[in-house]
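# Report on the structure
As a plain string of letters, each chain reads:
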Amino acid sequence: MTQLSFEVTRRADATSPERIAEVLENPGFGKTFTDHMVVATWTADGGWGDAQVKPYGPFQLDPAAAVLHYAQEIFEGMKAYRHADGSIWTFRPEANAARFARSARRLALPVLPEADFIESLRQIVSVDQAWVPAGDAGEKSLYLRPFMFASEAFLGVRPAQQVTYSVIASPAGAYFSGGLKPVTLWISTDYARAGEGGTGAAKCGGNYASSLAGQLEGIEHGCDQAVFLDSSTHTYIEELGGMNLFIVTKDGRIVTPELTGSILEGVTRSSILEIAKELDLEPEERRIPIQEWKDGAANGDIVEIFACGTAAVVTPVGELRWAGGSVDHRREGHEDRYAEAIRSKLLDIQYGRAEDSHGWLTRLV
Ligand code: COI
C-alpha cells in the first residue's frame, strides 16, 4: 500500500519525439535528463507528503540548506529496461528500496516506505516512457536516480527536520565509453574510501566524494579507477568506490570481498553471487588480502577479475598498479569469458530475453 499520492503536472513544452530519438541514439551516461522529475517532502511534524511529478528543473534551495554543509544525503541507482513487447521493467527494486532505507537510517534521514519508493519509479517512468530506449538497442536503458537530502535551512549540526526526496531519469548507454575494454586499477594506499563504523555501506554522496582523490591519483598513474583497501590495516580489498569486485580462480571459485560494513552491498554483486552458481562457479564471500591478488595474478591462480555495478553492469579488470609495481593476470589468448557470460546472463534477464527464474523483475509500465 502506498502512502503517497502523486500529483502530476506535465511539461507544456515537452521534448519532441525527434529530439528524444536523437538523444537515445547515443545517450552516453548521466548527461541528458527527461522532461519530468519526482519530488516529495518530509517534515518532522507532518511526515511524507506533497508528492509530485513535475517538469524537470532546478530546486529552489536555501544557501543554508543542511545538505550543502553537512552532506546529509543518500541516493540509489537503478535502470528501466524496455522489453521487445514495449513493456518497461526494472530490476530488484525491493533491494534498492531496502538499501535506501538502510542508507537513510545511517545518515539520520527519514525512511521512505518501499511501496512509495517503487511507486515513485513507476510514476516517473510512466510519464517519461518515451525516454526509455528500445529493447533492441544493445544495453541502453533509462537510468533512474532516486535521492534524498536535507533541505532544511539550518546550520546547527543535527538531523534535518525538512527533507526532500526526488527521482530524476537519464537515458543511458554504456557507462564507460569505448566499449567493454578492461579497466586498469590503481591501489590507493594513501586514501581509504570508508572506515569501520563509518558510512561505507550506505549509498551516500560523501562516500563518492571521498573516493575522488584516490581516483585522481589513479588517473595520474595512467589507471582508469582506484581500488580501495580497508582503512585499518590497508591489507584487504574493499571496492572501487563505485563498483564491487570479483575474482575468478583457476579452481572454479568466484570470490568477492565480504560485507564488513565499509563496503557497499551492490544489487549487481548479490545477483552475480546467485548467477555464478549457474555457471558452476562456487561463490565465496570473504576478506581478500591484496597480496593474494598480486600473487594470484602473477602465478596464474587468478584467471579473471571484474568489477560490477548497476551503471556499468560487469567490466573486466586488466592490470593492477601500485606505487613501485604492477601485475597483470592476463596471459596470451586471455578471454574474460566468465565476465562476459555473467554480463550476458544479467542483461538477458533485464531485457526479458531470458526467463526471470529468480523473480527479479518488476513491471513499471
Ligand atoms: C552503480 O554502478 O550503480 C554505481 O554506483 C555507479 C554510479 C554512482 C554512477
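An unreviewed UniProt entry annotates the protein as Branched-chain-amino-acid aminotransferase originating from Terrabacter aerolatus. UniProt lists a comment for the protein under the heading Cofactor (unreviewed entry), and it reads "pyridoxal 5'-phosphate". According to the UniProt record, the Sequence similarities (unreviewed entry) comment for the protein is "Belongs to the class-IV pyridoxal-phosphate-dependent aminotransferase family."

Let's shift gears to the overall build of the protein. The number of helices and strands found in the protein is 8 helices and 18 strands. In summary, the protein has a C-alpha radius of gyration of 21 Å against a globular reference of 21 Å for 365 residues, a match within 12%. Considered along the principal axes of its C-alpha atoms, the protein spans approximately 60 × 50 × 35 Å. Relative to its full complement of 365 residues, the protein shows a buried share of 52%. Put simply, the protein has 34 plus and 50 minus side-chain charges, and the middle of one group is 1 Å from the middle of the other.

Where charged atoms from two side chains of opposite charge approach closely, those side chains can pair. Per the counting criterion, the structure on display carries 19 salt bridges. Within this structure, D251, R253, E284, R286 and E292 form a network of salt bridges that share partners.

Attention now goes to the nonpolar core. Among the nonpolar cores identified, the biggest contains 52 residues, and W48, I74, F117, V125, L144, M148 and Y165 are the most heavily contacted of them. With 24 residues, the next largest nonpolar core counts I272, I275, Y338 and L361 among its residues.

Here we come to the UniProt feature "modified residue: N6-(pyridoxal phosphate)lysine" (unreviewed entry) in the protein. UniProt's feature table lists "modified residue: N6-(pyridoxal phosphate)lysine" (unreviewed entry) at K203, given in the numbering used throughout. One can find K203 in the loop between β9 (183-188) and α5 (205-220). Leave out the neighbours within four places in its chain, and K203 touches I74, F75, E76, G77, R99, S103, Y208 and L264.

The next subject is α5. In an α-helix, one full turn covers 3.6 residues, which means residues spaced three or four apart are oriented alike. Taking 1.5 Å of rise per residue, 16 residues should cover 22 Å, and α5 covers 23 Å from first to last C-alpha, within 8% of that figure. At L212, α5 shows its largest kink, close to 30 degrees. Those residues of α5 not exposed but buried are N207, Y208, S211, G214, Q215, E217 and G218. The inward-facing, buried residues of α5 abut β4 (73-75), β9 and β10 (225-229). Remark: G222 follows α5 within two positions and exhibits a positive phi of approximately 75 degrees.

What follows deals with the site of the ligand. Around the ligand, a shell composed of F29, Y143, R145, Y175, K203, Y208, G242, G309, T310 and A311 is seen. One of the backbone N or O atoms of T310 is found 3.0 Å from an oxygen atom in the ligand. Considering the ligand on its own, with 280 Å² of exposed area, one finds that the protein chains cover 88% of that surface. Looking at the shell around the ligand, its residues break down into 5 nonpolar, 3 polar and 2 charged. Mapping the shell around the ligand onto the domain boundaries places at least three of its residues in each of domain 1 (7-172) and domain 2 (183-350).

Okay, the packing of aromatic side chains next. This structure, assessed with the given rule, holds 12 aromatic pairs. For the ring pair F33 and Y56, a centre distance of 5.5 Å and an interplane angle of 10 degrees mean the geometry is stacked. Taken together, the residues span a long stretch of sequence, with F33 in the loop between α1 (17-25) and β2 (36-43) and Y56 in the loop between β3 (47-55) and α2 (67-70) at a distance of 23 residues. You can call F33 partly exposed: its relative accessible area is 28%. We classify Y56 as partly exposed; its relative accessible area is 34%. Relative to F149, the ring of F59 lies with its centre 5.2 Å away and its plane at 75 degrees, an arrangement referred to as edge-to-face. Highlighted residues: F59 in the loop between β3 and α2 and F149 in strand β7 (residues 141-150), separated in sequence by 90 residues. Among the aromatic residues, ring-to-ring pairing joins W48, F100, F117 and Y165 into one connected group. Note that K294 overlies the ring of W322, its terminal NZ or CZ placed 4.2 Å from the centroid.

About the cut-offs
Residues numbered from 1 in each chain as written. Predicted model: local features only at pLDDT ≥ 70, side-chain atom pairs only at ≥ 80, totals over all residues. Heavy atoms only, no water. UniProt positions renumbered as here; feature names shortened; annotations may be inferred. Helix = DSSP H or I, 4+ residues; strand = E, 2+ residues; numbered from the N terminus. Rg over C-alpha atoms; globule rule 2.2 N^0.38 Å. Buried < 20%, exposed > 50% of the residue type's maximum accessible area, 1.4 Å probe, protein only. Lys, Arg positive; Asp, Glu negative; His and termini not counted. Charge placed at Lys NZ, Arg CZ, Asp CG, Glu CD. Salt bridge = Lys/Arg side-chain N within 4 Å of Asp/Glu carboxyl O. Core = buried A, V, L, I, M, F, W, Y, C linked by side-chain atoms within 4.5 Å. Contact = heavy atoms within 4.5 Å. Expected span 1.5 Å × (residues − 1). Bend = angle between axes of the 7 residues up to and from the residue. Near = heavy atom within 4 Å. Polar contact = N/O pair within 3.5 Å; in protein donor to acceptor, adjacent residues only side chain to side chain. Areas by Shrake-Rupley, 256 points an atom, 1.4 Å probe, with all protein chains shown as cover. Nonpolar A, V, L, I, M, F, W, Y, C, P; charged D, E, K, R; others polar. Domains from an automatic or database assignment. Phe/Tyr/Trp six-rings, centres within 6.5 Å; stacked < 30°, edge-to-face > 60°. Lys NZ or Arg CZ within 6 Å of the ring centre and 35° of its normal.

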